[in-house]
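# Chain and residue survey
Spelled out from the first residue to the last, the chains are:
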Amino acid sequence: MAVTIEESGMTFGPFSDEQCFYIEKSNIYNKLQNGLPMAEFLLIQPDKNLLYVVEAKSSSPNPSNNESQTKFDDYIAEISRKLLNAFTLGLTLGLGRYVENIDELSNCFQEIDYGSVTILFLLVIKGHKEEWLAPLNEALQRELKDTSKVWRLKVITINERTAQRYNLIQSMV
Amino acid sequence: MINNVVIKNFGNLTNIKWQNLGKINLIIGENSSGKSFLLKALYCSMRTIEEYKRGDDRRSESEILLEKLYWTFQTEKIGDLVSKTATDSLSCEITFNDKEFLYKFGKDTTKTIQSLTNRTSPRSSNSIFLPSKEVLSIYHIILESREKDKLFGFDDTYLDLVRALALPRKGGNNYPEFAKSRKALEDILGGKVEYDEITKRWQFRKGNQKFAIGVTAEGIKKIAILDSLLANRYLDTESIIFIDEPESALHPAAISKLLDIIGVLADRGIQFFLASHSYFVIKKLYLMARKSNDTLPFISLPNNHDQGVEYDDLLKGMPNNSIINESIRLYQEEVSEAFE
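Because the structure is a prediction, the values reported are computed rather than measured.

### So, the nonpolar core
- Of all hydrophobic cores here, the largest spans 63 residues; its most connected members are Phe12, Phe21, Tyr52, Phe121, Leu122 and Ile158 of chain A together with Phe339 of chain B.
- Sorting elements by how many residues they give to this core places helix H2 (residues 66-94) of chain A first, with ten residues.
- Leaving out residues up to four positions away in the same chain, isoleucine 158 of chain A has contacts with Leu122, Leu123, Val124, Ile125, Leu133 and Ala163 of chain A together with Tyr331, Val335 and Phe339 of chain B.
- Counting residues in each nonpolar core, the second largest holds 56 residues, with Leu26, Ala254, Ala289 and Leu314 of chain B among its members.

Laid out in structure tokens, this is it:
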């Protein structure tokens, strides 16, 4: 079965439901949520040996003064928490910490070689030019530096055009 | 202040028409695009205006300019400054305080500027050129090479700077903005750079410790030069400062602080011309323009001048320039690498 995910004015997918864990629609998320910040979905591309943790946004604050600098810092911190929570939720399910929900994670996620898979935390922002994305990318990477180092994972910020180029989006809403 | 610049056939500057200049003006372009050349051309005109009729100097404007061009560009004959492919003369016109200063000469010129019109008034203020390299640790070498041996090597921008730095510091109240700027410069330095009259050498003093200038960081020496020129009052509120690559040897955080100081000095009246190929310099100036809502004109020089020179204002946005493009290209390279 194919999964499409509509978030922030973008339609991600269609992905095979074996390869995509749509967190918002999962029972485990409904059980845990209560204000738990969470990214949108996890995705595996077995042919590329890639595991994505994806967060979608339609805007970002411009850090041009002290007040908006605080907003910007909060924005980056919130996205970091969402990405990290989504990643650890996937792992904890795989490890069987929630026995009653273990079936929610497809075999694809259970069988992937976590020792060799490339893990990519991905922030997709709709309508952003590349010159705006570059500093956002730096800020998110700085915020997730420790996680990135410990897990040997990559953090990247892109717009919907780049997401389309890498087959994450097929059409825009 | 310099209001407009029109240059034709001056080296690789074949056709420049830069108008409505501001308090801070930026020249950008790749290596060999003529950024320093343009700065030096403007500097030569300004120093001619400033040296003419100063004190007991009896030289004509043409004599001053000829000497300035010869020792600044250091070509065998000044006719060599005319663009190789040009069929017309070199011409350089600046409008200074709304008055014209214009000169022209051809390829065969050796000893006389053919045509010079100077409608500017004599002035007592000084302009200065800050080269990309510092001069404090080679202070004596520059003086010896130029004043004693009369050799090419260090051009007039270096010699003039060394002479300006030799002026003793003055006591008494400086302009408040200058005093504030000096305090900010000293905060960046973390100490003071001083000329020791006994050893005849520059040294860096941090608390009770003194360091020879040769072992002091390049960036510190650059900041100290500006500080010294404010301290000895060589610069005043009518001065023009030409800075070639303000970013060289400076950490991006120090670049930002230096540019903030330049902003304060510009508000007090000093006009700045900066030549840069640093993303940080351009971005910081763009943010300064937006914050102050002040015009900040820039000229973008292509490597091949047939491609066209771009004139615009940072107040309107970041330039579409190869320096900016490179920062985006690096981002794109990182994205591609991440998905591989």
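### Considering the packing of helix H5 (residues 176-189) of chain B against helix H6 (residues 218-231) of chain B
Residue and element names in this part refer to chain B.
- Running from N to C, H5 and H6 cross one another at 160°; their axes reach a closest spacing of 10 Å. One way to sum up the angle between H5 and H6 is to call them roughly antiparallel. The element H5 and its partner H6 pack so that their crossing is left-handed. Between H5, through Phe178, Ser181, Arg182, Leu185, Glu186, Ile188 and Leu189, and H6, the contact on the second element is made entirely by Ile220, Ile223, Ala224, Leu226, Asp227, Leu230 and Ala231.

### A word on the environment of serine 83 of chain B
Residues and elements named next belong to chain B.
- By secondary structure assignment, the location of serine 83 is in the loop between helix H2 (61-73) and strand E4 (90-96).
- Note on serine 83: relative accessible area 3%, which makes it buried.
- As a C-alpha pair, serine 83 and tyrosine 52 span 31 residues in sequence and 27 Å in three-dimensional space.
- Apart from the residues lying within four places of it in its own chain, the contact partners of serine 83 are Asn9, Phe10, Gly11, Leu13, Thr14 and Lys107.
- In terms of polar contacts, serine 83 uses its side chain to reach the backbone carbonyl oxygen of glycine 11, at 2.5 Å.

### Considering the packing of aromatic side chains
- As enumerated under the stated definition, the model contains 25 aromatic pairs over all chains in all.
- On the numbers, 4.9 Å between centres and 85° between planes, the contact of phenylalanine 87 of chain A with tryptophan 151 of chain A is edge-to-face. You can see phenylalanine 87 of chain A sitting in helix H2 and its partner tryptophan 151 of chain A sitting in helix H5 (residues 145-151), a full 64 residues away along the chain.
- An angle of 70° between the planes, with centres 5.7 Å apart, marks the rings of tyrosine 43 of chain B and phenylalanine 129 of chain B as edge-to-face. With tyrosine 43 of chain B in helix H1 (residues 35-51) and phenylalanine 129 of chain B in strand E7 (residues 128-130), this residue pair connects regions lying 86 residues apart in the sequence. The same class applies to tyrosine 43 of chain B and to phenylalanine 129 of chain B, which are both buried.
- Here the aromatic cluster, defined as three or more aromatic residues joined through ring pairs, consists of Trp18, Tyr43, Phe129, Phe242 and Phe273 of chain B.

### Some thoughts on the sheet that holds strand E3 (residues 24-29) of chain B
All names here are of chain B.
- Taking strand neighbours across the sheet as the criterion, the six strands line up as E7-E11-E12-E3-E13-E14 in an open arrangement whose pairing is mixed. Because the sheet does not close on itself, it has two edges, and the strands there are E7 and strand E14 (310-313). This sheet shows a mean twist of 15° between the axes of neighbouring strands, independent of strand direction.
- Here strand E11 (residues 240-244) pairs with strand E12 (residues 271-276) via five bridges, running parallel. Residue pairing across strands places aspartate 244 opposite alanine 275, the latter belonging to E12.
- Seen against the sheet, H6 touches E7 and E11 and runs at an angle of roughly 165° to E7.
- Together, E3 and E12 form the strand contacts of helix H8 (residues 279-292), whose direction differs from that of E3 by roughly 150°.

Cut-off values and rules
Residues numbered from 1 in each chain as written. Chains lettered and ligands numbered in written order. Predicted model: local features only at pLDDT ≥ 70, side-chain atom pairs only at ≥ 80, totals over all residues. Heavy atoms only, no water. Core = buried A, V, L, I, M, F, W, Y, C linked by side-chain atoms within 4.5 Å. Buried < 20%, exposed > 50% of the residue type's maximum accessible area, 1.4 Å probe, protein only. Helix = DSSP H or I, 4+ residues; strand = E, 2+ residues; numbered from the N terminus. Contact = heavy atoms within 4.5 Å. Axes fitted to C-alpha atoms, helices over the stretch in contact; angles between N-to-C directions. Parallel < 35°, antiparallel > 145°, perpendicular 65-115°, else oblique. Left-handed = near helix turned anticlockwise from the far one by under 90°. Polar contact = N/O pair within 3.5 Å; in protein donor to acceptor, adjacent residues only side chain to side chain. Phe/Tyr/Trp six-rings, centres within 6.5 Å; stacked < 30°, edge-to-face > 60°. Pairing = 2+ DSSP bridges.

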